[in-house]
Amino acid sequence: MLRSMIRNTTPILAVIAMLAVMGGCGDEKKNPAAPGSGGGGGGGGGPDVTISIGLGAAQADTNAYSPRRVTVALGQTVAWKNNDAMAHTATAVGIFNTGLVGAGATSATIPMNTAGDFTYVCTVAGHNMTGFLTVTP
Ligand SMILES: [Cu+2]
C-alpha cells in the first residue's frame, strides 16, 4: 500500500518540481526587464489625461479648455497643455491649481485626490475661461 503510493506520487512530485523550476526561471527572465518596461508604462510617465488650452482661450469662456468637460477616477493625474500665445492657469480654488502655464508649456502633472464635480477657471485678470472636471470616487 505505502509502496504503491510512493510509486504513484513520485512521478507527480517530479513533474511539480520541474514546473516549479521552470516557473522560477520564467520569473528570473521577467525581472530584469521589469524596471525598463515598468518605468515607461507603469504610471511613472505622463499624466492620465491632458487638457488643451486653445488659441484665443482668454475670451473663449467654456470653450477655453478642451475637452471642456473631463472625467477622471480618483487618484488619476491631469495636466494642462497651453497651446495659446499667452499664459493661463487652470484653478479650482482649494482643489487644484496649475499656477501660470506659459505659452506653449505644459503644467505639472496634478494627481486628483478629491472626488467631486469641479468648475475651474483661469485666474489671470480679465480672462473669461471656465472648464469642468469630475473626479469619480
Ligand atoms: Cu487665462
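Residues numbered from 1 in each chain as written. Predicted model: local features only at pLDDT ≥ 70, side-chain atom pairs only at ≥ 80, totals over all residues. Heavy atoms only, no water.

Peer 1: What am I meant to see in the environment of glycine 46 here?
Peer 2: Inspection of the secondary structure puts glycine 46 in the loop between α1 (2–41) and β1 (49–53). Overall, the relative accessible area of 51% leaves glycine 46 in the exposed class. Here the alpha-carbon distance between glycine 46 and alanine 108, two residues 62 residues apart in the chain, equals 9.9 Å. (Helix = DSSP H or I, 4+ residues; strand = E, 2+ residues; numbered from the N terminus. Buried < 20%, exposed > 50% of the residue type's maximum accessible area, 1.4 Å probe, protein only.)

Peer 1: What's the story with the coordination of the copper ion in this structure? I'm lost.
Peer 2: By definition of the ideal shapes, four donors in a tetrahedron about a metal sit 109.5 degrees apart, and six donors in an octahedron sit 90 or 180 degrees apart. Distances from the copper ion to its protein donors, His88 (ND1), Cys122 (SG), His127 (ND1) and Met129 (SD), fall within 2.0 to 2.6 Å. In this structure, the copper ion is surrounded by four donor atoms whose angles at the metal cover 85 to 135 degrees, and the resulting shape is irregular. Sequence spacing among the residues donating to the copper ion works out to H-x33-C-x4-H-x1-M. Residue cysteine 122 shares its accessibility class with histidine 127, and that shared class is buried. (Donors = N, O, S within 2.8 Å, 3.2 Å for Na, K, Ca; no water. Tetrahedral: all angles 85-135°; square planar, octahedral: opposite > 155°, others 65-115°.)

Peer 1: I would appreciate a short explanation of the side chain of histidine 88 in the present structure.
Peer 2: Assignment of secondary structure puts histidine 88 in the loop between β4 (77–82) and β5 (91–92). Engagement of the side chain of histidine 88 in a polar contact is seen with the side chain of aspartate 84, the distance being 2.7 Å. Excluding residues that lie within four positions of it along the chain, histidine 88 makes contacts with Ile53, Ala57, Ala58, Asn82, Gly99, Leu100, Val101, Cys122, Val124, His127 and Met129. (Polar contact = N/O pair within 3.5 Å; in protein donor to acceptor, adjacent residues only side chain to side chain. Contact = heavy atoms within 4.5 Å.)

Peer 1: Honestly, the confidence of the model for the protein chain in this entry has me stumped. Any pointers?
Peer 2: Caution applies to low-pLDDT parts of the model: their predicted coordinates are not meant to be read in detail. Residue-level pLDDT values for the protein chain average 79, and 68% of them are 70 or greater. Counting contacts from residues 9–43, a segment whose pLDDT is below 50, to residues more than four positions away or on other chains yields five contacts. (pLDDT = per-residue confidence, 0-100.)

Peer 1: Before we go on, may I ask you to explain the sheet that holds β4 in this structure?
Peer 2: Strand pairs in the sheet, formed through backbone hydrogen bonds, run parallel or antiparallel to each other. Strand order in the open sheet formed by four strands is β2-β1-β4-β7, and the pairing between neighbours is mixed. Every interior strand has two partners, whereas the edge strands, β2 (65–66) and β7 (110–111), have only one. (Pairing = 2+ DSSP bridges.)

Peer 1: Help me understand the side chain of asparagine 82 in this model?
Peer 2: In this fold, asparagine 82 is placed in strand β4. Among the polar contacts made by the side chain of asparagine 82, one reaches the main-chain carbonyl oxygen of methionine 86 at a distance of 2.8 Å. Side-chain polar atoms of asparagine 82 contact the backbone oxygen of valine 101, separated by 2.9 Å.

Peer 1: What's the story with the pairing of strand β9 (residues 130–136) in this structure? I'm lost.
Peer 2: Both faces of the sheet carry side chains from a regular strand, because those side chains alternate between them. The buried fraction of β9 is high, at five of seven residues. Pairing analysis gives five bridges linking strand β3 (residues 69–73) to β9, with the strands arranged parallel. The partner of valine 72 across the bridge, within β9, is valine 135. The sheet contact formed by strand β8 (residues 116–121) and β9 spans six bridges and is antiparallel. Paired with tyrosine 120 across the strands is glycine 131, a residue of β9.

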